[in-house]
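# Coordinates in review
One letter stands for each residue in the lines below.
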Amino acid sequence: MKVLQPAGWQSPRGYSNGVAASGTLVFVAGQIGWNEQCRITSDDFVDQVRQALLNVRAVLAEAGAAPQHITRMTWYLVDKREYLARGREVGTVFREVIGGYQAAMSAVQVSALIEDRAKVEIEATAVIPRGEA
């Protein structure tokens, strides 16, 4: 994976502007903060982020991929203010579950998610390098 950082641009904090990679593509559908039985067990935003990231990691593992193979993530947030206010906690959980910040990332506030109690939904794209798949 090669991080794309145009010359003269300030380095982004918490994501990459772009990523180039080749290999087997893995597309992870939007994951919310529910468990294996499709039950949301906490209404806390950071708890839901943790569970959604664990779900992303579990789907990646089914393809033989790992968090370091993630090239792109999109986060759908019901409340951007909560995301911004709890950014330090979110960063800690992200590092615990996923690791470093190399993926190209977007975060979008939405009016609602399909599951009423869900506060965040996370999609991911990963690339398993040739020879690892």
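This one's a predicted model, so the numbers in the text were calculated from it and none came from an experiment. (Residues numbered from 1 in each chain as written. Predicted model: local features only at pLDDT ≥ 70, side-chain atom pairs only at ≥ 80, totals over all residues. Heavy atoms only, no water.)

## With respect to the environment of Gly33
Among the structural elements, Gly33 can be located in the loop between strand S3 (23-32) and helix H1 (45-62). Judged by its relative accessible area of 6%, Gly33 is buried. Once you skip the residues sitting within four places of it in the chain, Gly33 turns out to touch Ile40, Thr41, Gln48, Gln51, Ala52 and Val120. (Helix = DSSP H or I, 4+ residues; strand = E, 2+ residues; numbered from the N terminus. Buried < 20%, exposed > 50% of the residue type's maximum accessible area, 1.4 Å probe, protein only. Contact = heavy atoms within 4.5 Å.)

## With respect to the pattern of salt bridges
Note on pairing: side chains with opposite charge can pair once their charged atoms come close. Counted according to the given criterion, the structure contains 5 salt bridges. Note that Asp43 and Arg117 form a salt bridge whose closest N and O atoms lie 2.9 Å from each other. One end of the pair, Asp43, is in the loop between S3 and H1; the other, Arg117, is in the loop between strand S5 (104-109) and strand S6 (120-129), with 74 residues separating them in the sequence. Arg117 sits in the partly exposed class, given a relative accessible area of 41%. Measuring nitrogen to oxygen at the nearest pair gives 2.9 Å for the salt bridge that ties Arg86 to Glu89. Overall, Arg86 belongs to the buried group, its relative accessible area being 18%. Of the residues examined, Glu89 reaches a relative accessible area of 36% and is grouped as partly exposed. Salt bridges linked by common partners bring Asp44, Glu82, Arg86 and Glu89 together as one network. (Salt bridge = Lys/Arg side-chain N within 4 Å of Asp/Glu carboxyl O.)

## Concerning the pairing of strand S4 (residues 70-77)
Among the 8 residues that make up S4, 6 are buried, leaving the element largely enclosed by the rest of the structure. In this sheet, S6 lies alongside S4 in antiparallel orientation, the contact comprising 7 bridges. The residue bridging Leu77 from the neighbouring strand is Val120, located in S6. Pairing between S4 and S5: 6 bridges, direction parallel. By the bridge assignment, Arg72 is partnered in S5 with Ala104. (Pairing = 2+ DSSP bridges.)

None of the figures reported here should be taken as evidence of function without further support.
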